[in-house]
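Survey of secondary and tertiary structure
Residues per chain, in single letters:
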Amino acid sequence: MKKGLVFLGPPASGKGTQAQRLAEELEIACLSTGALLRSALSVGSPLGEKAKPFLDRGEYVPDEIMVPIVIEWVSNQSEGWLLDGFPRTVHQAEALDRALESNQPQAIVLHVPDDELRKRVIRRLECESCHRVSRSGDDEFCPDCGGLLNTRDDDSPEKFESRLSEFHRLVFPTIQYYCDRGRARIVNGVGSLDDVWRRVRI
Ligand code: AMP
């Protein structure tokens, strides 16, 4: 199995967009755990049912649910891979390292100040079909697949604040986990998509 990458960043940091672009550039498989959960919710699958109460409150889905899904996905990759939105907790990071043994992933961390995130989320739309992110004021339909663009349910002001405080409480220590092991690259996430992309792809 080739080495993997994990992409960490606060909500509305552009993490999903940059992660997808990087996976395309490197021609590697990409799993967004947030998009996976939203799809599961929209089709009402057993995973969606289990995750719903947490997503409804803007809380993280428990590690017992997330870890086995992601470890199984990673174990099925024979080429390089990238995880967008996993790990979120130190426990998830440790579980991933244990499963990968000597092949432990590098982390890319997008840094964006909270006030900038609050400004961004107000204008954020997501395609119902392919999950591409757009800004309101642009088109009503996704420029990639023609799907309907909608505001994400968990981007409401209350849920967004809850997700942001979950990020501070749980993801900060996870970022520290990768920094302590010399496996984190912090990228300034402020600027246009292309500015940030130039920093990510170095
Ligand atoms: P995202 O699209 O990455 O912002 O994720 C949206 C939501 O999905 C998060 O606010 C969490 O509730 C849930 N989620 C995504 N990834 C994880 C994870 N690794 N662990 C727990 N919850 C997650």
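Our structure's up above, just so we're on the same page.
Now for a description of the structure that goes with this document. Just so you know, these numbers come straight off a predicted model, no measurement behind them. (Residues numbered from 1 in each chain as written. Predicted model: local features only at pLDDT ≥ 70, side-chain atom pairs only at ≥ 80, totals over all residues. Heavy atoms only, no water.)

**So, the sheet that holds strand β5 (residues 124–127)**
Pairing is antiparallel across the open sheet formed by three strands, whose spatial order is β6-β5-β7. The outermost strands of the open sheet, each flanked by one partner alone, are β6 (133–135) and β7 (149–150). Pairing of β5 with β7 involves two bridges; the strand directions are antiparallel. Opposite C127, over in β7, you have L149 as the bridge partner. (Pairing = 2+ DSSP bridges. Helix = DSSP H or I, 4+ residues; strand = E, 2+ residues; numbered from the N terminus.)

**Looking at the site of the ligand**
By nearness alone, 17 residues border the ligand, and K15, T33, R38, E59 and G85 come closest of all. R163 places a polar side-chain atom, nitrogen or oxygen, 3.2 Å from an oxygen atom of the ligand. Bound to the protein, the ligand loses 97% of the 480 Å² it would expose on its own. Per-element tally for the shell around the ligand: the top contributor is helix α2 (residues 33–43), with four residues. (Near = heavy atom within 4 Å. Polar contact = N/O pair within 3.5 Å; in protein donor to acceptor, adjacent residues only side chain to side chain. Areas by Shrake-Rupley, 256 points an atom, 1.4 Å probe, with all protein chains shown as cover.)

**A closer look at the packing of α2 against helix α3 (residues 46–56)**
At a minimum axis separation of 8 Å, α2 and α3 run at an interaxial angle of 110 degrees. Judged on the interaxial angle alone, α3 and α2 are roughly perpendicular. Here α2 and α3 pass one another in a crossing that is left-handed. In contact with L36, L37, A40 and L41 of α2, α3 contributes L47, G48, A51, K52 and L55. Here the residues of the contact of α2 with α3 sort into seven nonpolar, one polar and one charged. (Axes fitted to C-alpha atoms, helices over the stretch in contact; angles between N-to-C directions. Parallel < 35°, antiparallel > 145°, perpendicular 65-115°, else oblique. Left-handed = near helix turned anticlockwise from the far one by under 90°. Contact = heavy atoms within 4.5 Å. Nonpolar A, V, L, I, M, F, W, Y, C, P; charged D, E, K, R; others polar.)

**Details of the pattern of salt bridges**
Under the defined criterion, the tally for this structure stands at 17 salt bridges. The closest approach of N and O atoms between E126 and R38, which form a salt bridge, is 3.0 Å. With E126 in strand β5 and R38 in helix α2, the pair connects residues that are 88 residues apart, well separated along the chain. Both residues of the pair, E126 and R38, count as buried. Linking R198 and D195 is a salt bridge whose minimum nitrogen-to-oxygen distance equals 2.9 Å. Taken together, the residues R198 and D195, both in helix α8 (residues 193–200) and three residues apart, mark about one turn of the helix. Among the residues examined, D195 registers a relative accessible area of 29% and is labelled partly exposed. (Salt bridge = Lys/Arg side-chain N within 4 Å of Asp/Glu carboxyl O. Buried < 20%, exposed > 50% of the residue type's maximum accessible area, 1.4 Å probe, protein only.)

**Examining the nonpolar core**
V6, V74, L83 and L96 are the most contacted members of the largest nonpolar core, which totals 31 residues. Secondary structure elements with two or more residues in this core: β1 (4–8), α2, α3, α4 (63–75), β3 (81–84), α5 (90–100), β4 (106–111) and α7 (157–180). Broken down by element, the residue count for this core peaks at seven residues, all from α4. Leave out the neighbours within four places in its chain, and L83 touches L5, V6, F7, L31, V70, W73, V74 and L96. (Core = buried A, V, L, I, M, F, W, Y, C linked by side-chain atoms within 4.5 Å.)

**Considering the side chain of E166**
Mapping E166 onto the fold places it in helix α7. When sequence neighbours within four positions are dropped, the list of residues in contact with E166 reads G58, E59, Y60 and V171.

**Some remarks on α2**
Among all positions in α2, only T33, A35, L37, R38 and A40 are buried. Phi for G44, located one or two positions after α2, is positive at around 70 degrees.

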